[in-house]
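Reading the structure
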Amino acid sequence: MTESNRAARVVRPARTHGAAMDVQVPFTADDVARTRFAVSPMWEVVTSFRLLMLSAVPAPYDRWAARVRPLVRSAGLDTGRLADLVPPDSFLADLLNPLPATAFPSLADELAVVRATPAAHLEADLDTLEQYHGLPAGRRAALLADPAATLDQVADEVERYWELAIAPWWSRIRTVLEADVFQRARSVAGLGAAHVLNELHDSVRWDEGSLNLVQRSCRVTKAGSGPGLVLVPSVFARDRVLTRSTPPDPPQLAYPARGAGTVWEPQRAGRLDTLAAVLGRSRAVLLAELDSPASTTQLAERAGLTAAGASQHLTAMRDAGLVSAHRAGRSVLYARTATADALVGAPG
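Residues numbered from 1 in each chain as written. Predicted model: local features only at pLDDT ≥ 70, side-chain atom pairs only at ≥ 80, totals over all residues. Heavy atoms only, no water.

A tally of helices and strands in the protein chain yields 16 helices and ten strands. The buried share of the protein chain, taken over its 348 residues, is 50%. Excluding contacts between residues fewer than 6 apart, the proportion of contacts in the protein chain whose partners are at least 24 apart in sequence is 72%. When the accessible surface of the protein chain is summed, it comes to about 15,200 Å², and 52% of that surface belongs to carbon and sulfur atoms. (Helix = DSSP H or I, 4+ residues; strand = E, 2+ residues; numbered from the N terminus. Buried < 20%, exposed > 50% of the residue type's maximum accessible area, 1.4 Å probe, protein only. Contact = heavy atoms within 4.5 Å. Areas by Shrake-Rupley, 256 points an atom, 1.4 Å probe, with all protein chains shown as cover.)

See the structure below:
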């Protein structure tokens with residue numbers, strides 16, 4: 001970003017407290033023509049982090065949360081900078097969801113934008129967070145004392161959170177998100193954008209040139225925004241739609257992806273015998289047990305193997321590109337790769 005961009009004043013759309021409302025956002029023909037889809041790693045970060053902070057995580061995310069929550073807490077991420085910017089409900093810091101530059105930006109791409117966020121944007125987000133949720137004066141002052149350092153800390157925490165909570169499942173998550181984008185883009189070509197907008201969620205309706213969002217607690221506006229609308233599928237959005245309206249960017253709308261629940265379904269066992277004939281029974285069982293990331297000790301117990309034997313098999317499969325290893329504190333968690341998912345018949 002240029003220095004002039006850094007110095008620019010951040011203009012926020014009006015936000016309200018209390019009861020939700022219906023919001024009508026007028027769109028021009030140009031806006032409709034520039035509506036596009038994007039898969040955003042950062043949207044998965046904020047939606048999953050918020051879900052993880054619930055006292056009781058609903059199915060089908062409960063197994064994922066049970067494995068991830070202790071790791072996140074052990075890393076101190078539940079009380080860090082990221083937690084300051086992603087409260088349990090309502091408004092979250094817009095800076096965490098920069099405008100996707102492409103249809104499939106990488107996490108590194110999006111974190112580069114987060115790190116370069118103008119100080120005025122950070123301050124505006126903190127003002128709104130304080131308005132909605134309240135921030136201890138000392139906490140807010142600490143966040144603003146050195147904005148560049150704060151943003152670096154936030155980005156570092158996101159990277160750590162990603163490794164613990166998202167990376168082991170990312171191949172399956174991305175498969176679902178890309179499939180959603182492909183299916184809806186095909187529907188746009190065959191049935192038109194209005195039809196697709198009406199199918200996104202019960203709270204989203206297209207009617208006579210306006211996008212209608214039902215029961216929103218924050219206003220969404222096109223005033224001062226860039227042309228178009230960015231539609232972002234999310235595995236962790238559950239049953240709700242989240243919005244980002246930060247001029248001069250076009251609005252973003254994150255919606256529940258089709259097939260999101262399949263990411264967490266236990267894998268089918270139909271191919272186990274066939275896979276065992278190729279890899280051997282022990283390695284086939286270990287792969288089947290990796291519905292979610294697990295340590296060598298956990299996998300050994302589930303598969304009825306010694307820890308040394310499980311470790312030997314996991315090392316061989318890692319070298320073959322069938323599993324990946326992710327350090328989590330003092331443990332190493334193994335996860336299936338996309339290749340192994342295909343071998344065991346993972347839903348996708």
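Further remarks concern the pattern of salt bridges. Pairing is possible between side chains of opposite charge, provided their charged atoms come close. The full count for this structure, using the stated rule, is twelve salt bridges. Measuring nitrogen to oxygen at the nearest pair gives 2.7 Å for the salt bridge that ties Asp-84 to Arg-139. Highlighted residues: Asp-84 in helix α5 (residues 81-85) and Arg-139 in helix α8 (residues 137-145), separated in sequence by 55 residues. For Arg-139, a relative accessible area of 27% translates into the label partly exposed. (Salt bridge = Lys/Arg side-chain N within 4 Å of Asp/Glu carboxyl O.)

Inspection of the secondary structure assignment puts Ser-48 in helix α3 (residues 41-52). With a relative accessible area of 0%, Ser-48 lands in the buried category. Excluding residues within four positions of it along the chain, Ser-48 makes contact with Trp-64, Tyr-161, Ile-166 and Phe-236.

Taken in spatial order, the four strands line up as β2-β5-β7-β6 in an open sheet, and their pairing is mixed. The sheet is open, and its two borders are formed by β2 (36-37) and β6 (242-244), each paired with just one other strand. Here two bridges tie β2 to strand β5 (residues 230-234), and the two strands are oriented parallel to one another. Looking at the pairing, Arg-36 lines up with Val-230 of β5. Lying on the sheet, α3 is in contact with β5, β6 and β7 (252-256); it crosses β6 at an angle near 130°. (Pairing = 2+ DSSP bridges. Axes fitted to C-alpha atoms, helices over the stretch in contact; angles between N-to-C directions.)

A general tendency of soluble globular proteins is for nonpolar side chains to be buried together. Core analysis: the biggest nonpolar cluster contains 76 residues, and Trp-64, Leu-96, Tyr-161, Ile-173, Leu-211, Val-235 and Leu-253 have the highest contact counts within it. Examining the composition of this core, we find that nine residues originate from one element, helix α9 (residues 147-166), more than from any other. Leave out the neighbours within four places in its chain, and Tyr-161 touches Val-45, Ser-48, Phe-49, Leu-52, Trp-64, Val-72, Leu-77, Leu-82 and Ile-166. Membership of the second largest hydrophobic core comes to 16 residues, among which are Leu-275, Leu-287, Leu-314 and Val-323. (Core = buried A, V, L, I, M, F, W, Y, C linked by side-chain atoms within 4.5 Å.)

On to the environment of Leu-95, then. Structurally, Leu-95 is set in the loop between α5 and α6 (107-115). The class of Leu-95 is buried, set by a relative accessible area of 2%. In this structure, the C-alpha to C-alpha distance between Leu-95 and Ala-116, residues 21 residues apart in sequence, is 9.8 Å. Non-local contacts of Leu-95, meaning those with residues more than four positions away in its chain, are made with Leu-85, Val-114, Thr-117, His-121, Leu-122, Asp-125 and Leu-151.

Turning our attention to the packing of aromatic side chains. Scanning the entire structure with this criterion turns up five aromatic pairs. A ring pair is formed by Trp-64 and Phe-236, whose centres lie 5.0 Å apart and whose planes are at 50°; its orientation type is tilted. Within this pair, whereas Trp-64 is found in helix α4 (residues 62-74), its partner Phe-236 is found in the loop between β5 and β6, the two being separated by 172 residues in sequence. For the pair formed by Trp-64 and Phe-236, the shared burial category is buried. One aromatic cluster in this structure is built from Tyr-61, Trp-64 and Phe-236. (Phe/Tyr/Trp six-rings, centres within 6.5 Å; stacked < 30°, edge-to-face > 60°.)

Take the confidence of the model for the protein chain next. When the pLDDT values of the protein chain are averaged, the result is 83; 87% of them are 70 or greater. Contacts for the low-pLDDT stretch residues 1-19, under 50 throughout, to residues beyond four places or in other chains number 36 contacts. (pLDDT = per-residue confidence, 0-100.)

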